[in-house]
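Each chain, written out:
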Amino acid sequence: MKLDTPIAYLKGVGPRKADVLKTEAGIHTFADLLEYYPYRHVDRTRFYTIRELSEDLPYVQLRVRVKEVEMVEKGRMKRLVARVVDPTGQMELVWFQGIKWMKDVIRPGADYIVFGKVTSFKGVYNMAHPELEPLSEKSVHNALGLHPMYNSTEKMKSAFLDSKGMGQLIGLLFQNLSEPIPETLPSYVTQIMKMLSKADSLRAIHKPRSTEELAKAEFRLKFEELFYVRLRLLMQNRVRKNTWKGYPFAQVGELFNTFYNHHLPFQLTNAQKRVIKEVRFDTSTGKHMNRLIQGDVGSGKTIVALMAMLLAADNGFQACLMAPTEILAQQHHRGLQELLEPMGIEIGLLTGSTKQSERKRLHEALQNGSLRFLVGTHAIIEPAVKFANLGLAVIDEQHRFGVAQRARIYTKNLQPPHILVMTATPIPRTLAMTLYGELDVSVIDELPPGRKPVITRHMYDNRRLEMFGFLRQEIEKGRQAYIVYPLIEESEKLDLKHLEDGYESIKRQFPEYKLSIVHGRMTASAKEFEMQQFLQKKTQIMIATTVIEVGVNVPNASIMVIENAERFGLSQLHQLRGRVGRGADQSFCILMTDYKLSEEGRTRMQTMVRTNDGFEIAEVDLQLRGPGDTEGTRQSGMLDLKLADLAKDQKILGLANDIAEKILEKDPALNASENQVLKVELHRRSTGRTMWSKIS
Ligand code: ADP
Ligand code: MG
């Protein structure tokens with residue numbers, strides 16, 4: 001039978017099982033079943049003897065003879081104990097459940113293979129609820145080896161599709177395949193890389209003959225997954241670059257030059273200059289720019305965006321900047337407007353709370369082209385907003401925007417405007433390659449001069465008074481402080497209570513100071529008012545939830561206290577810390593946690609204390625949480641990797657990428673006969689997710 005045969009046609013799979021396989025495991029065809037890979041293998045490649053046992057061993061198997069079987073009763077507690085021996089010693093097998101049945105099955109004098117975890121009790125080794133198999137030549141043969149373990153849900157188990165059942169089903173499938181499993185990589189690739197064939201890899205991953213063979217199979221299958229992800233992205237990138245026209249920004253004009261020569265408030269860093277050059281080059285070619293700027297918090301991305309916007313205006317185009325929150329949009333607007341004021345240029349501000357009359361004025365000015373610059377939230381992409389000639393869209397802190405929202409920007413002009421995405425969440429190279437394969441990446445890897453790195457401390461709650469003392473000391477010097485509380489998503493009430501309790505206790509501690517409070521359930525204007533109070537130094541301490549996480553800029557604030565820091569992810573902690581260290585003063589970040597910390601929590605705190613480098617932090621984050629959870633990947637929809645792990649398999653990804661690039665260099669459209677296999681497999685793998693290709 002063929003690979004695309006519906007699973008119901010496999011012997012032993014009736015309509016009920018087929019249904020469970022579909023709904024619970026996504027298995028529709030034979031091919032899907034073959035790709036239902038084990039999540040691990042239990043090593044049963046050898047038999048142990050009783051003399052070799054120790055409690056440190058994982059699950060082990062032994063060949064034993066049963067001496068006697070005894071029912072032991074202690075009050076209402078019953079257990080079945082079998083004393084067993086092998087030529088090197090004796091031990092016990094114990095059952096607490098299924099006793100009656102077991103008692104009938106296990107026979108004194110008979111030989112068995114037993115498999116389980118041993119523990120020692122009063123100097124005697126015992127194994128509770130072992131797997132048990134009568135000893136025979138056949139059972140020895142079957143027992144030895146690496147045994148695959150498959151994921152199984154409750155529903156699957158009740159349909160006899162537990163790990164063992166899945167293994168049997170896959171075994172049956174291999175017996176019933178009428179045609180050889182086709183190769184899915186060109187033979188020149190498998191040859192250079194000395195890889196197992198597809199057929200051998202699939203067989204070996206389900207039933208490896210040795211750990212070496214298993215490793216080879218895993219390598220081949222992981223390589224293939226990552227290779228096709230890269231091949232698809234690289235091809236899309238080529239197509240976009242060659243076919244999408246971009247508005248040419250042919251000249252560097254008066255606005256750009258005037259600003260650069262007369263109104264720049266500081267010297268640009270070399271990294272900023274380099275990125276501006278990259279943008280200038282991209283936009284001058286007549287091709288479409290799709291560029292991601294990665295730059296740590298405080299690296300100065302905003303000014304780069306502004307220069308790009310001026311470039312657009314110099315060439316007769318409008319430009320907009322989209323921020324994820326109202327506070328951020330307002331702040332950007334204020335900052336940029338200040339910078340352009342001397343040149344007499346207006347920047348519009350459009351957010352959810354823009355008044356109707358102002359909204360109407362903005363809509364008109366944008367449509368007739370008299371307004372060249374717009375800053376706002378996603379209110380910008382609403383259909384009512386029409387531009388005369390939008391040439392550039394800057395998207396700040398992009399991970400807050402959904403993929404679909406970003407796509408809507410493309411429709412704001414006859415052909416898509418140039419796109420500049422700015423993110424302060426550094427993404428490890430491997431992730432960037434898989435997630436943003438179609439974006440060119442610029443990195444601002446240099447902070448403006450004179451910044452003192454933030455000093456980070458981790459304190460347990462019992463040092464709270466010490467922390468308060470430190471706060472007071474710094475505030476006396478004229479500094480300001482943030483105290484941030486975690487959002488507790490399960491309970492909004494609890495969340496607010498946390499914040500309010502915090503507020504009350506800080507008020508008691510610091511009766512002489514004025515406090516601001518900002519949280520997610522305040523109106524935009526109330527938030528803005530509080531922010532302004534803090535910015536103008538009318539308040540000394542800002543109590544907040546994570547609404548202040550992104551972008552907020554108060555240079556005089558030099559202390560960031562994070563309460564229940566263990567509840568935050570690494571990238572969030574790093575973002576929060578980025579709120580301080582923006583002025584000339586030495587800044588501090590204090591991570592307050594409970595004494596009890598998970599190992600992962602501890603690693604997070606240690607990482608924060610050790611380094612300020614966002615890329616290093618992102619790398620640790622990836623190792624700790626895996627790519628599925630890393631900021632920015634959740635909504636990507638691209639990471640349906642079955643075997644490969646972006647945190648662990650970075651080397652394989654690099655290899656896969658190199659080979660995909662080489663192939664496309666030689667044969668961009670995959671027309672060569674030896675590359676037909678690539679086309680077929682790309683098509684098979686891409687069905688159902690083509691929508692993602694055009695966006696982001
Ligand atoms: P981010 O990359 O986090 O968005 P910003 O663009 O908000 O950073 O810049 C952070 C601060 O650094 C701002 O106050 C900005 O004016 C300042 N800044 C940016 N570039 C420079 C520079 N080259 N020299 C000095 N200060 C700079
Ligand atoms: Mg910013």
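Since the structure is predicted, the reported quantities are computational estimates derived from the model, not experimental observations. Along each chain, numbering runs from 1 in the same order as the chain's sequence is written. Each chain gets a letter, beginning with A, and each ligand a number, beginning with 1, in the order they are written. With pLDDT at 70 or above as the cut-off, local features in this predicted model cover only qualifying residues; side-chain atom pairs require 80 or more to be listed or tallied, and sums for whole chains, interfaces and linings still use all residues. In computing side-chain properties, one takes all heavy atoms of the structure into account and sets aside hydrogens as well as water.

K.L.:
How should I be thinking about the overall build of the protein in this particular structure?
P.N.:
Per the secondary structure count, the protein includes 24 helices and 22 strands. For the protein, the spread of C-alpha atoms along the three principal axes comes to 100 × 70 × 40 Å. Summary of the burial criterion: residues with accessible area below 20% of their type's maximum are buried, those above 50% are exposed, and those between are partly exposed, where the area comes from a 1.4 Å probe applied to protein chains only. Counting only residues that meet the buried cut, the protein has 52% of its 696 residues in that class. Here, two residues are considered to be in contact whenever any of their heavy atoms come within 4.5 Å of each other. Within the protein, residue pairs in contact and separated by at least 24 positions form 73% of the contacts whose partners lie at least 6 positions apart. The protein carries 96 positive and 83 negative side-chain charges, and their two centres are separated by 1 Å. To qualify as a helix, a DSSP run of H or I must reach at least 4 residues; to qualify as a strand, a run of E must reach at least 2; elements of each kind are numbered from the N terminus. In summary, the charge assignment counts Lys and Arg as positive and Asp and Glu as negative, without counting His or the chain termini. In this description, the location of a charge corresponds to atom NZ of lysine, CZ of arginine, CG of aspartate or CD of glutamate.

K.L.:
Honestly, the site of ligand 1 in this entry has me stumped. Any pointers?
P.N.:
Inspection of the region around ligand 1 gives 16 residues, with Gln267, Gly298, Lys301, Thr302 and Arg451 positioned closest. Think of a polar contact as two N or O atoms within 3.5 Å of one another; within protein, one of them needs to be a possible hydrogen donor and the other a possible acceptor, and neighboring residues in sequence only count if both atoms come from side chains. A distance of 3.5 Å separates an oxygen atom of ligand 1 from a polar atom in the backbone of Ser299. The method behind every accessible area is Shrake-Rupley, applied with a 1.4 Å probe, and residues are considered shielded solely by the protein chains displayed. When the free accessible area of ligand 1 is taken as 560 Å², the share hidden by the protein chains comes to 79%. When its residues are assigned to classes, the shell around ligand 1 shows 4 nonpolar, 8 polar and 4 charged. One heavy atom within 4 Å of a molecule or strand is enough for the residue carrying it to be called near that molecule or strand. By the convention adopted, Pro, Cys, Tyr, Trp, Phe, Met, Ile, Leu, Val and Ala count as nonpolar, Lys, Arg, Asp and Glu as charged, and the other residues, Gly among them, as polar.

K.L.:
I would appreciate a short explanation of the nonpolar core in the present structure.
P.N.:
For soluble globular proteins, the rule of thumb is that nonpolar side chains tend to be buried together. Buried Ala, Val, Leu, Ile, Met, Phe, Trp, Tyr and Cys residues form a nonpolar core when they are joined through side-chain atoms within 4.5 Å. In this structure, Phe259, Leu310, Leu340, Phe373, Leu392, Val394 and Leu420 are the most contacted members of the largest nonpolar core, which totals 39 residues. Here the element with the most residues in this core is helix 12 (residues 301–314); it accounts for 11 residues. What Leu310 contacts, discounting residues up to four positions off in sequence, is Leu255, Phe256, Phe259, Leu340 and Phe373. The next biggest cluster of nonpolar side chains, apart from the first, holds 34 residues, and it includes Phe30, Tyr36, Leu161 and Ile170.

K.L.:
What am I meant to see in the sheet that holds strand 10 (residues 290–295) here?
P.N.:
Whenever strands of a sheet pair, they do so through backbone hydrogen bonds, lying parallel or antiparallel. DSSP bridges decide pairing: two strands pair if at least two such bridges lie between them. Judged by pairing direction, the sheet is parallel, and its 7 strands sit side by side in the order 12-13-11-14-15-10-16 without closing on themselves. Where the open sheet ends on each side, the last strands, each with one partner, are strand 12 (347–350) and strand 16 (440–444). Each strand axis lies, on average, 20° off the axis of its neighbour in the sheet, ignoring direction. As paired strands, strand 12 and strand 13 (residues 373–376) are joined by 4 bridges and run parallel to one another. Bridge pairing in strand 13 places Leu349 opposite Val375. In this analysis, axes come from line fits to C-alpha atoms, helices being fitted only over the stretch in contact, and the angle between any two N-to-C directions falls in the range 0 to 180 degrees. Each of strand 11 (318–322), strand 12 and strand 13 is contacted by helix 14 (residues 356–367), which is oriented at about 130° to strand 12, the strand it contacts most.

K.L.:
Help me out: how do you make sense of the pattern of salt bridges in this one?
P.N.:
When their charged atoms lie close together, side chains carrying opposite charge are able to pair. Salt bridge, as applied in this entry: a Lys or Arg side-chain nitrogen positioned within 4 Å of an Asp or Glu carboxyl oxygen. Taken as a whole and judged by the stated rule, the model has 35 salt bridges. Measuring nitrogen to oxygen at the nearest pair gives 3.6 Å for the salt bridge that ties Asp445 to Arg274. Residue Asp445 is located in the loop between strand 16 and strand 17 (455–460), and its partner Arg274 is located in helix 11 (residues 270–284); the two are separated by 171 residues in the primary sequence. In this structure Asp445 comes out as exposed when scored by relative accessible area, which is 55%. The exposure class of Arg274 is partly exposed, given its relative accessible area of 35%.

K.L.:
I tried to follow the packing of helix 11 against helix 12 on my own but got confused; where do I start?
P.N.:
When two helices pack together, their arrangement is given by the angle between their axes and by how far apart the axes lie. Running from amino to carboxyl end, helix 11 crosses helix 12 at an angle of 30°, the nearest separation of the two axes being 10 Å. By the criterion of interaxial angle, the relationship of helix 11 to helix 12 is roughly parallel. The element helix 11 and its partner helix 12 pack so that their crossing is right-handed. Side by side, helix 11 and helix 12 meet where Gln272, Val275, Ile276, Val279, Arg280 and Thr283 of the first sit next to Ile303, Val304, Met307, Ala308 and Leu311 of the second. Taken together, the residues of the contact of helix 11 with helix 12 sort by class into 8 nonpolar, 2 polar and 1 charged. Throughout, the term roughly parallel applies to angles under 35 degrees, roughly antiparallel to angles over 145, roughly perpendicular to angles from 65 to 115, and oblique to all others. For a crossing to be left-handed, the near helix must be turned anticlockwise from the far one by less than a right angle; the clockwise case is right-handed.

K.L.:
Would you mind going over the packing of aromatic side chains with me for this structure?
P.N.:
How two aromatic rings sit relative to each other is given by the distance of their centres and the angle of their planes. Each pair of aromatic rings taken from Phe, Tyr and Trp, with Trp reduced to its six-membered ring, is defined by centres within 6.5 Å and is described as stacked if the planes are under 30 degrees apart, edge-to-face if over 60, and tilted in the remaining cases. The final tally for this structure, using the stated rule, is 14 aromatic pairs. A centroid spacing of 5.7 Å and a plane angle of 15° characterise the contact between Phe223 and Phe227, whose relative ring orientation is stacked. Linking Phe223 with Phe227, this pair stays in helix 9 (residues 211–243), spanning 4 residues, or about one helical turn. Across this residue pair, the class does not change: Phe223 and Phe227 are buried. Ring centres of Trp244 and Tyr410 lie 5.5 Å apart, and the angle between their planes is 80°; on these two criteria the pair is classed as edge-to-face. Here Tyr410 lies in the loop between helix 15 (403–409) and strand 15 (418–423) and Trp244 lies in the loop between helix 9 and helix 10 (254–263), a separation of 166 residues in the sequence. The rings of Phe219, Phe223, Phe227 and Tyr228 are connected pair by pair, giving a single aromatic cluster. Lying over the aromatic face of Phe115, Arg44 brings its terminal NZ or CZ to 3.9 Å of the ring centre. Working rule: Lys NZ or Arg CZ, within 6 Å of ring centre, within 35 degrees of ring normal, means a charge sits over the ring. It is Arg46 that lies over the ring of Tyr48; its NZ or CZ is 4.0 Å from the centre.

K.L.:
Any chance you could explain unusual backbone geometry here in plain terms?
P.N.:
Leaving glycine out, the prevailing phi sign among residues is negative, and the prevailing peptide bond configuration is trans. A positive phi angle, close to 50°, is found at Lys194, a residue other than glycine. Here Lys194 is to be found in the loop between helix 7 (187–192) and helix 8 (198–206). The class of Lys194 is exposed, set by a relative accessible area of 73%.

K.L.:
Is there a simple way to explain the confidence of the model for the protein in this structure?
P.N.:
Parts of the model with low pLDDT should not have their predicted coordinates read in detail. Of all residues in the protein, 92% attain a pLDDT of 70 or more, and the chain-wide mean is 88. Least confident of the elements in the protein is helix 16 (residues 429–435), whose mean pLDDT is 67; most confident is strand 13, at 98. The predictor attaches a confidence to each residue, called pLDDT, with possible values from 0 through 100. Residue range residues 631–638 is modelled with pLDDT below 50. Its contacts to residues more than four positions away, or to other chains, number 30 contacts.

K.L.:
Can you walk me through the pairing of strand 21 (residues 557–562) in this structure?
P.N.:
Most of strand 21 is tucked away, with 6 of its 6 residues classed as buried. Note that strand 18 (residues 480–484) and strand 21 share 5 bridges and pair parallel. The residue bridging Gln480 from the neighbouring strand is Ala557, located in strand 21. Here strand 21 runs beside strand 22 (residues 588–593); their pairing, made up of 4 bridges, is parallel. Its bridge partner being in strand 22, Ile562 is matched across the sheet by Leu591. Crossover connection from strand 21 via helix 20 (residues 570–577) to parallel strand 22: handedness right-handed. Here the term right-handed applies to a crossover when the path leading from its first strand over the helix to its second strand runs clockwise, the strands being oriented away from the viewer.

K.L.:
Please explain the pairing of strand 4 (residues 89–95) as it appears in this structure.
P.N.:
As judged from the 7 bridges shared by strand 3 (residues 77–86) and strand 4, these two strands associate in the antiparallel manner. Paired with Ala82 across the two strands is Leu93, which belongs to strand 4. Connecting strand 3 to the next strand, strand 4, in antiparallel fashion are 2 residues. Where strand 4 lies against strand 7 (residues 124–128), 3 bridges are found, and the strand directions are parallel. Across the sheet, Val94 pairs through a bridge with Ala128, a residue of strand 7.

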